[in-house]
Amino acid sequence: MRNHIQEQALHLLRDMSLQEKIAQLIVIRAQGNYYSEDADEFLHLSRMVNEYQVGGIIFFRGEIYNQAVLHNKLQRLSRIPLWISQDMEFGAAMRISGTTRFTPAMGIAATGNPHNAFEKGRITALEARAIGVHQIYAPVVDINNNPENPVINVRSFSEDPETVSMYAESFIKGVQSQGIVATAKHFPGHGDTDVDSHIGLPVVQHTRERLNQLELLPFRRVIDAGVGSVMSAHIAFPNITEGINRPATLEPGLMHGLLRDELGFDGLIVTDGLEMQGIASNYAPGEAAVLALNAGADVLLLSPDELTAIFQIKEAVQRGEISESRIDDSVLRILALKIDHGLMRNAEVNINRISRVVNTRANQLTADRIARESITVLRNNRDILPIRPDRFPKITVIAIAGGRTGNVGSEFRSELSKYHPDISFHLYDERTSEQELNEAIASARQANLIIVGSFLPLTTGRPITFNREQQRFVRRIQQLGRPKVVISFSSPYVVNEIPDADVHILSWTSLGSHSAATAAALFGASDVSGRLPISIPGLYVRGEGIEIPKTILRQDRPEAAGLSTEKLYEITRIMNRAVQDSVFPGGTVAVVRNGILAWNEGYGYHDYNKRRPVRSTDIYDIASLTKPVATTTAVMMLAEQGRLRLDQTVQSFIPGFRSGMKGDITIEHLLNHTSGLPAYRLYVDQFQSREAILQAVISEPLLQPPGEGVIYSDLGFILLAEIVEQITEMPLDRFLNTQFFYPIGMTDTLFNPRRRGRWTLNRIPPTEVDRQWRNTIIRGDVHDERAHFMGGIAGHAGLFSTSGNLAIYGQFLLNNGSYGGREYVSDAIMRTFTSREASRGGRALGFDLKSLNGFTTAGQLSSNDTFGHLGFTGTSLWVDPQRNLAVIILTNRTYPERGTSAGINQVRARVMDAVIEAITDVTD
């Protein structure tokens, strides 16, 4: 096969003129944008391809389909197919918007898993190939052992040659597994420089012995592993080149003698961009091209004057300065690659295939996971991480950035708001006024915790550390004496700017998945396990990193939770149909699985006027879900603390229960509705105060002896709330707010939400047009009349919440009483309350259980261990421990007036079954 390819290449070569052969070595720039056919940019490219027959295109920034279309147009103009290349160190998204972006190389090494490098390479190449790219300029195999290096930094895997070698080799194998040529750069090593070769010529005084011991080790490794291409560095090594400050790109002793002869590399040698000042400031375009070819390069990348380069190479051959056989060697390599990659058969991109390959959920899930695994915590003084809202109720975030866009850090801010209710965000960039800086300082002064994020980009000609003004501002922040978290979203060395911060975090980049990954790490929504691949002088040594376990829900894609997004869209169909059928005006559904909030969507409207769409953050009256979420939880916590026993009699707390059968009623009887109290009493037609209603409940005669059978009753939970208040010596809402809801992160779960103000009220759909007791639209006040006249706080009703907050509660139940690294209730207590026992008549303590016979709102597919509860306003919470699953539905089906529950019950069951049908990781 290889001989056949060589024969085809030789056949093509024989038919080419000298100028055509030289043109095959030239790669020109293109942007992957849309161009009309009379646009100057397109006319220039057409002329270079059609008239001068250049050999290749390097695409810079563009969009997926625009680049693919332009690629096809240019291929049709070229007699010999074009070789397409692109710089994709951070994934295809480094250059092509809409593709998958990956963690920089140093972050990949921080994960400690070389397979992540392979997957990054594989997916990058998969997407590159789908868009028509044949060669990517990655990986960087330079060893970043100089913290002052202004250009390599996180582009390198590490300061350790073995780490660089291992991860680079894995990345290359991933790339080349997809038929794409990987490029090891920048030979013989760009890691130990303090000048950016884009703007000047770095001069490195290393000896040949030093190169052998360090810089060359990764190149030897990847060459032995079969890397297809090597890119040269525009760096001078005078101690190796007999005192001549000539860039390695133009030095035969390095490119031909060392790379070709000594290291045995027989692949494609490509220059770094010849327009870079490391070359262009000292050599004319034609001169540089001639010298590069004589040094051993095959491909001349980005000459500042391609036509001059072609003509002067031709003249050099005619003068005998370059042999034509030298040109032929490189042209044969290029032609052989084009033949081997099938370009002679079909060089065009299949446009229809792109959407099946590029930025798929599978690709993005891998990128997301790698981003999370890369987050590196180097310091966590005072155990600030994971951040808890109850410990740090007010957080000020300050993003320090370059440029004048005004939107840096906005995605990070959005991600933080998923985990904390009070985030104040301020941006300090080149457009920030003194007044804005003072506002940021004032906000920081009021905060319990300050987060400083460095978003300084790794950009040619820009510093990677704070400038004087930024340093002055940081000193003002430091003087406030507040706990501080410093996050680097670029260069890891920036943590030296605030060395005394309580927390140092490396996030490697703010792009792609990293804002979400960083926010999750801050609050304990993902495991933290990254290790530092370099040393940070004066602070940290290579290998440092603090492990922090995941303790709270993470908001993530359904696939991350073992669910199919496509199948979960059945929820949307069910809910939208229910809205159309007027089962309810609108509602929200949340799905929790495997520690992930995988679905949280709003449907329909607040009411039938259809003017206010439901959002996933809307707050609903959860009605009888108050029983488990509030009252039962409070009882479980008190039982855990030894302040309450299930076998205690109610008369121990309420003297009115001492006579007759009431004296035998226990706390357990109230919890599982076997007290004998009646199912329902209106009361409010006679009693309209908390004290009067409570006394009426206490005076209520029993319908049957305690423990004889189940009568689902609100009255027992009214009594339980009173008992909780007696034991805690505080109102039920205050006890839950301080001891459970706020610490666990359920900050939108509350009684009497109207009191919080208009902003909260606007998030609450109405529950009824009450024409009997209150003569108004019920919105922001509890729907249940008895709870209303008891001040909005009762054991059976009154609680409001969001589906996201109840997702937290669902995870608390799935964790058997723990959340956020804190145990609120022991496993034993949780099992006692949620287990199925025959003596309880099909109910748990404070929870309902899935019915094992006939229809059930828990769905037919849920396991028999499923437990939860329903709410009269059209709410439900079901937890399936066997599937590590919780499903929450919130609606206002009682609006505008109360009706039957048949429609809502069917919705509940269908949604539950749809979720279980969407599970993709079933093993049984």
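The preceding data block contains the structure.
Student: Help me out: how do you make sense of the sheet that holds strand β10 (residues 376-380) in this one?
Tutor: In a beta sheet, neighbouring strands are held together by backbone hydrogen bonds and run either parallel or antiparallel to one another. Strand order in the open sheet formed by 6 strands is β10-β15-β14-β13-β11-β12, and the pairing between neighbours is mixed. Two strands lie at the open edges of the sheet, namely β10 and β12 (423-428), each paired on one side alone. Averaged over all neighbouring strand pairs, the angle between strand axes comes to 15°, with direction disregarded. Contacts between helix α20 (residues 514-523) and the sheet are confined to β11 (395-400), β13 (449-454), β14 (484-488) and β15 (503-506), with β14 contributing the most and set at about 150° to the helix.

Student: Where do I start with helix α24 (residues 690-699) in this structure?
Tutor: Since the α-helix packs 3.6 residues into each turn, any two residues three or four apart lie on the same face. Here α24 has its buried residues at Arg690, Ile693, Leu694, Ala696, Val697 and Ile698. On the buried face of α24, the contacting elements are α25 (714-728) and α28 (785-789).

Student: Got a minute to help me understand the side chain of His514 in this structure?
Tutor: Summarising the element assignment, His514 is placed in helix α20. At 2.7 Å, the side chain of His514 and the side chain of Thr103 are in polar contact. Among residues more than four places away in sequence, those in contact with His514 are Thr103, Ala371, Ser374, Ile375, Phe489, Ser507, Trp508 and Thr509.

Student: Help me understand the side chain of Arg101 in this model?
Tutor: Position of Arg101 among the secondary structure elements: in the loop between β4 (96-97) and α5 (105-110). Although Arg101 is buried, it forms no salt bridge, and the closest oppositely charged side chain is Glu411 at an N-O distance of 8.9 Å. There is a polar contact of 2.9 Å between the side chain of Arg101 and the backbone oxygen of Ala93. Apart from the residues lying within four places of it in its own chain, the contact partners of Arg101 are Phe90, Ala93, Met94, Ala367, Leu511 and Gly512.

Student: When you look at the environment of Asn594 in this model, what are you seeing that I'm missing?
Tutor: Inspection of the secondary structure assignment puts Asn594 in the loop between β17 (586-593) and β18 (596-604). Taking the C-alpha atoms as reference points, Asn594 and Arg883, separated by 289 residues in sequence, lie 8.2 Å from one another. In contact with Asn594, not counting residues within four places along its chain, are Ala561, Arg883, Asn884 and Asp921. Only 3.2 Å separates the side chain of Asn594 from the backbone oxygen of Ala561, close enough to count as a polar contact.

Student: I would appreciate a short explanation of the pattern of salt bridges in the present structure.
Tutor: Pairs can form between side chains of opposite charge whenever their charged atoms are close. All told, the structure shown has 55 salt bridges when counted by the stated rule. Of the charged contacts in the structure, one is a salt bridge between Arg79 and Glu20, with a shortest N-O distance of 3.6 Å. You can see Arg79 sitting in the loop between α4 (64-77) and β3 (83-86) and its partner Glu20 sitting in helix α2 (residues 18-23), a full 59 residues away along the chain. One salt bridge connects Arg843 with Asp848, and the closest N-O pair in it is separated by 3.6 Å. Here the two residues Arg843 and Asp848 agree in accessibility, since each one is buried. One salt-bridge network, held together by shared partners, links Asp87, Glu89, Arg95, Arg155 and Lys185.

Student: Where do I start with the packing of aromatic side chains in this structure?
Tutor: Both the distance between ring centres and the angle between the ring planes are used here to describe each pair of aromatic rings. Enumeration according to the criterion identifies 16 aromatic pairs in this entry. Centre to centre, the rings of Tyr569 and Trp599 are 5.6 Å apart; their planes meet at 80°, and the pair counts as edge-to-face. One end of the pair, Tyr569, is in helix α21 (residues 565-580); the other, Trp599, is in strand β18, with 30 residues separating them in the sequence. Ring pairs connect the aromatic residues Phe740, Phe741, Tyr809, Phe812 and Tyr824, which therefore count as one cluster. In this arrangement the basic side chain of Lys73 is found over the ring face of Phe42, its NZ or CZ atom lying 5.6 Å from the centre.

Student: How should I be thinking about the packing of helix α22 (residues 626-640) against helix α29 (residues 803-814) in this particular structure?
Tutor: For any two helices packed against each other, the geometry is given by the interaxial angle and the distance between the axes. Orientation of α22 relative to α29, taken along the N-to-C sense of each, is 35°, at an axis distance of 12 Å. The two elements α22 and α29 cross, and the hand of that crossing is left-handed. Between α22 and α29, the residues in contact are Pro628, Val629, Thr633 and Met636 and Leu806, Tyr809 and Phe812, respectively. Residue composition of the contact of α22 with α29, by class: 6 nonpolar, 1 polar and no charged.

Student: Any chance you could explain the packing of helix α12 (residues 285-295) against helix α13 (residues 306-319) here in plain terms?
Tutor: Two numbers describe how α12 lies on α13: the axes approach to 8 Å, and their chain directions differ by 55°. The angle between α12 and α13 places the two elements in the oblique class. Handedness of the α12/α13 crossing: right-handed. In contact with Pro285, Gly286, Glu287, Ala289, Val290 and Leu293 of α12, α13 contributes Thr308, Ala309, Gln312, Ile313 and Ala316. A class-by-class count of the residues in the contact of α12 with α13 yields 7 nonpolar, 3 polar and 1 charged.

Student: Mind showing me how you'd approach the sheet that holds strand β23 (residues 799-801) here?
Tutor: Strands sit in the order β19-β23-β20 across an open sheet of 3 strands; the sheet is antiparallel. Looking at strand neighbours, the two that pair on one side only are β19 (620-621) and β20 (750-751), the edges of this open sheet. As defined by bridge partners, β20 adjoins β23 across 2 bridges and the pair is classed as antiparallel. Within the sheet, the bridge partner assigned to Phe751 lies in β23 and is Leu799.

Student: For this particular structure, what's the right way to read the environment of Asn407?
Tutor: Structurally, the position occupied by Asn407 is in the loop between β11 and α17 (410-416). For the pair Asn407 and Asp429, spaced 22 residues apart in the sequence, the C-alpha separation amounts to 9.6 Å.

Student: Help me understand unusual backbone geometry, please; the structure alone is not making it clear to me.
Tutor: Glycine aside, a negative phi is what most residues show, and trans is what most peptide bonds show. That bond from Leu385 to Pro386 is cis: its omega, -5°, falls within 30 degrees of zero. Along the polypeptide, Pro386 turns up in the loop between β10 and β11. Here the amide bond leading from Tyr895 into Pro896 is cis, since omega sits at 0°, within 30 degrees of zero. Within the secondary structure, Pro896 sits in the loop between β29 (885-891) and α31 (902-917). In this model, Arg382 sits at a positive phi of 65°, which is unusual for a non-glycine residue. Inspection of the secondary structure assignment puts Arg382 in the loop between β10 and β11. Although it is not a glycine, Asn594 sits at a positive phi angle of roughly 55°.

Student: Sorry, what's going on with helix α14 (residues 324-340) here?
Tutor: The end-to-end C-alpha distance of α14, which contains 17 residues, comes to 24 Å, matching closely the 24 Å that a straight helix rising 1.5 Å per residue would cover. Counting buried positions along α14 gives 12 out of 17 residues, so the element sits mostly inside the fold. Taken together, the buried positions of α14 are Arg326, Ile327, Asp328, Ser330, Val331, Leu332, Ile334, Leu335, Ala336, Leu337, Lys338 and Ile339. Note on α14: the residue one or two positions beyond its end, Gly342, has a positive phi of about 75°.

Student: For this particular structure, what's the right way to read the pairing of β15?
Tutor: In β15, alternate side chains face the same way, and those of Val503 and Ile505 on one face and His504 and Leu506 on the other are all buried. Note that β10 and β15 share 4 bridges and pair antiparallel. When the bridges of β15 are listed, Thr376 appears paired with Leu506. Judged from the 4 bridges that link them, β14 and β15 form a sheet pairing that is parallel. Looking across to β15, one finds that Ser488 is bridged to Leu506.

Reading the values: rules and limits
Residues numbered from 1 in each chain as written. Predicted model: local features only at pLDDT ≥ 70, side-chain atom pairs only at ≥ 80, totals over all residues. Heavy atoms only, no water. Pairing = 2+ DSSP bridges. Helix = DSSP H or I, 4+ residues; strand = E, 2+ residues; numbered from the N terminus. Axes fitted to C-alpha atoms, helices over the stretch in contact; angles between N-to-C directions. Contact = heavy atoms within 4.5 Å. Buried < 20%, exposed > 50% of the residue type's maximum accessible area, 1.4 Å probe, protein only. Polar contact = N/O pair within 3.5 Å; in protein donor to acceptor, adjacent residues only side chain to side chain. Lys, Arg positive; Asp, Glu negative; His and termini not counted. Salt bridge = Lys/Arg side-chain N within 4 Å of Asp/Glu carboxyl O. Phe/Tyr/Trp six-rings, centres within 6.5 Å; stacked < 30°, edge-to-face > 60°. Lys NZ or Arg CZ within 6 Å of the ring centre and 35° of its normal. Left-handed = near helix turned anticlockwise from the far one by under 90°. Nonpolar A, V, L, I, M, F, W, Y, C, P; charged D, E, K, R; others polar. Parallel < 35°, antiparallel > 145°, perpendicular 65-115°, else oblique. Expected span 1.5 Å × (residues − 1).

Coordinates in, geometry out; function isn't part of it.
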